[in-house]
Amino acid sequence: MIVALLLGPIAGVALALVDSDLRLLWRSLLTLSAGTMVVMVTAFIIGLWHSDIPITDEIVARTAPNLMI
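The paragraphs below set out a description of the structure included in this document. The residue count restarts for each chain, going from 1 along the sequence in the order it is written. Where local features are concerned, this predicted model is filtered to residues with pLDDT of at least 70; where side-chain atom pairs are given and counted, the filter is 80 or more; whole-chain, interface and lining totals use all residues. The side-chain values count all of the structure's non-hydrogen atoms but skip hydrogen atoms and water molecules.

1. Structural notes on the overall build of the protein
Rules: Note on conventions: DSSP H or I runs of at least 4 residues are helices, E runs of at least 2 residues are strands, and numbering of each starts at the N terminus. For this measure, only C-alpha atoms enter the radius of gyration; the expected value for a globule follows 2.2 Å times N^0.38, where N is the number of residues. Summary of the burial criterion: residues with accessible area below 20% of their type's maximum are buried, those above 50% are exposed, and those between are partly exposed, where the area comes from a 1.4 Å probe applied to protein chains only. Surface accessibility follows the Shrake-Rupley procedure with a 1.4 Å probe radius. Residue values consider only the protein chains on display as shielding.
Counting secondary structure elements, the protein contains three helices and zero strands. The N-to-C order of helical and strand elements in the protein reads α-α-α. Relative to the globule expectation of 11 Å for 69 residues, the C-alpha radius of gyration of the protein, 17 Å, shows a markedly less compact shape. Each principal axis of the C-alpha atoms in the protein carries an extent, and together these give about 50 × 30 × 15 Å. Buried residues in the protein amount to 12% of all 69 residues. Total accessible area on the protein stands at roughly 6100 Å², and carbon and sulfur atoms take up 74% of it.

This is how it looks when you write it as C-alpha cells:
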C-alpha cells in the first residue's frame, strides 16, 4: 500500500531512463529516496508506538515466510 505513493517517482525514473534525461533521473531518484526514507521513519515510529501489542503466531507466520507458503 505504501509503495503506491512512490509510483510517481518510480515512473519518473523509468521515463528518465527511456528519454535519457539525466536531470529528470536525478530529481526522480532524489524524490524516490526521500519518499522511501519518510516511509521507513514513519513505519518505525508506528512500530514503536504500538510496541505493547503482543506478537501472535499469525504475525510470526506472516513475517517469516518459507517455501511452503
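Picking up where we left off.
2. Here's the deal with helix α2 (residues 22–49)
The criterion, for reference: How far a helix is expected to stretch is found by multiplying one less than its residue total by 1.5 Å. Contacts between residues were defined by any pair of non-hydrogen atoms, one from each residue, lying within 4.5 Å.
Look at α2: 40 Å from first C-alpha to last across 28 residues, which is about the 40 Å you get at 1.5 Å a residue. Of the positions making up α2, those classed as buried are Leu25, Ser28 and Gly35. Elements in contact with the buried residues of α2: α1 (7–19).

3. Things to note about the pattern of salt bridges
In plain terms, the rule: Here, a salt bridge means any side-chain nitrogen of Lys or Arg that lies within 4 Å of a carboxyl oxygen of Asp or Glu.
Throughout the structure, instances matching the rule amount to one salt bridge. For the salt bridge of Glu58 with Arg62, the shortest nitrogen-to-oxygen distance reads 3.0 Å. Within this pair, Glu58 and its partner Arg62 are both found in helix α3 (residues 57–63), separated by four residues, close to a single helical turn.

4. A few points about a nonpolar patch on the surface
Quick reminder of the rule: Each patch is built from salt-bridge-free residues with over 30% relative accessible area, joining like charges within 9 Å and nonpolar side chains (Val, Leu, Ile, Met, Phe, Trp, Tyr) within 5 Å.
Residues Val41, Phe44, Ile45 and Leu48 make up a contiguous nonpolar surface patch of about 410 Å² in total accessible area. Along the chain, Phe44 falls in helix α2.

5. Points about α1
Using the following cut-off: The directions considered for the arc are those from the helix axis to the C-beta atoms.
For α1, built from 13 residues, the straight-helix expectation of 18 Å at 1.5 Å per residue is met to within 8% by its first-to-last C-alpha distance of 18 Å. Those residues of α1 lying buried are Pro9, Gly12, Val13 and Ala16. With its buried residues spanning 100° around the axis, α1 presents them on a single face. Of the exposed residues in α1, the ones pointing more than 90 degrees away from its buried face are Leu7 and Val18. Looking at the buried side of α1, the elements it contacts are α2. Note on α1: the residue one or two positions beyond its end, Ser20, has a positive phi of about 55°.

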